[in-house]
Amino acid sequence: MTQDTIRVLVADDHSVVRQGIRALLATEPGIKVVGEAVNGREAVAEVGRLAPDVVLMDLVMPEMDGIEAIQKIREQAPEIHILVLTGFGTDDKLFPAIKAGALGYLLKDSGPEELVQAIRDAARGHTSLNHEVARRLLAEFSRERDALRPDEPLTDRETEVLREVAHGLSNEGIADRLCISEATVRTHVSNILAKLELTNRTQAALYALREGIASLDDAPA
């Protein structure tokens, strides 16, 4: 994000959902809906035209579903953060969306404050996994046949940073906890993602949980 206002694109095939989100976000300072899309194909095109900071992506849409759209957007514009907003909480949609590169996952019955906070977090590239969602993701992630084993192991400091990423801390929070600069944290996070061949912090958090680097039970409140 290169500006103070968070630019949001809403992709959903139901007009009432798009209108409701637009109305909600119109009351939030620092957030602006810059466009809408009625299907995944249109979402990909609008991302190229509008360059939003955050995309709110439904998963079940005509012409191109949300998961395929996430993959194409990640290929086209990896700097754009995608937040899934769907009425489906089933595991067959949850894990593919995160694996495709979505940064977060919210159900449409989430409260307005939760949605707004998720957008603000996503704009900064941050995510905090709901415990129930995290447990379901972790169960599926753990069934992946080949465990990730980086060719170059993480350093002790990178492991510390990864543990705090899994606990949902922002770069600022990690910097404060480890008494290092935010710039240093950003460098460590970048190195972690590169070594593990992952696309975002959500995937890194799941790796940390699966490998026992972090635990859902010892995350800070």
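Below is a short write-up of the structure. (Residues numbered from 1 in each chain as written. Predicted model: local features only at pLDDT ≥ 70, side-chain atom pairs only at ≥ 80, totals over all residues. Heavy atoms only, no water.)

Details of the packing of helix 2 (residues 40-50) against helix 3 (residues 66-76)
Axis angle and axis distance: for two packed helices, these are the angle between their axes and the distance between the axes, and together they describe the pair.
Turning to step 1, where the next piece is worked out: For the pair helix 2 and helix 3, interaxial distance at closest approach is 9 Å and the crossing angle is 20°. In terms of orientation, helix 2 and helix 3 fall into the roughly parallel class. Crossing hand, helix 2 versus helix 3: right-handed. Residue-level contacts link G40, A43, V44, V47 and G48 of helix 2 to A69, K72, I73 and Q76 of helix 3.
Turning to step 2, where the next piece is worked out: A per-class count over the contact of helix 2 with helix 3 returns 5 nonpolar, 3 polar and 1 charged. (Axes fitted to C-alpha atoms, helices over the stretch in contact; angles between N-to-C directions. Helix = DSSP H or I, 4+ residues; strand = E, 2+ residues; numbered from the N terminus. Parallel < 35°, antiparallel > 145°, perpendicular 65-115°, else oblique. Left-handed = near helix turned anticlockwise from the far one by under 90°. Contact = heavy atoms within 4.5 Å. Nonpolar A, V, L, I, M, F, W, Y, C, P; charged D, E, K, R; others polar.)

Structural notes on the sheet that holds strand 2 (residues 31-37)
Turning to step 1, where the next piece is worked out: The strand order across the open sheet formed by 5 strands is 2-1-3-4-5, and the pairing between neighbours is parallel. Edge positions in the sheet fall to strand 2 and strand 5 (104-107), since each has one partner strand and no second. The average angle at which neighbouring strand axes cross in this sheet is 25°, direction not considered.
Turning to step 2, where the next piece is worked out: Taken together, the 4 bridges between strand 1 (residues 6-11) and strand 3 (residues 54-57) define a ladder with parallel strand orientation. Bridged to V8 within strand 3 is V54. (Pairing = 2+ DSSP bridges.)

Side note on the pattern of salt bridges
Turning to step 1, where the next piece is worked out: One pass over the structure, following the stated rule, counts 12 salt bridges.
Turning to step 2, where the next piece is worked out: Residues E36 and R18 are paired through a salt bridge, measuring 2.9 Å at the closest nitrogen-oxygen approach. Within this pair, whereas E36 is found in strand 2, its partner R18 is found in helix 1 (residues 15-25), the two being separated by 18 residues in sequence.
Turning to step 3, where the next piece is worked out: With a relative accessible area of 23%, E36 lands in the partly exposed category. (Salt bridge = Lys/Arg side-chain N within 4 Å of Asp/Glu carboxyl O. Buried < 20%, exposed > 50% of the residue type's maximum accessible area, 1.4 Å probe, protein only.)

Structural notes on helix 7 (residues 156-166)
Turning to step 1, where the next piece is worked out: Burial in helix 7 covers these residues: E158, T159, V161, L162, E164, V165 and A166.
Turning to step 2, where the next piece is worked out: At its buried positions, helix 7 is contacted by helix 8 (171-178), helix 9 (182-196) and helix 10 (201-210).
Turning to step 3, where the next piece is worked out: Immediately downstream of helix 7, the backbone of G168 shows phi near 85°, a positive value.

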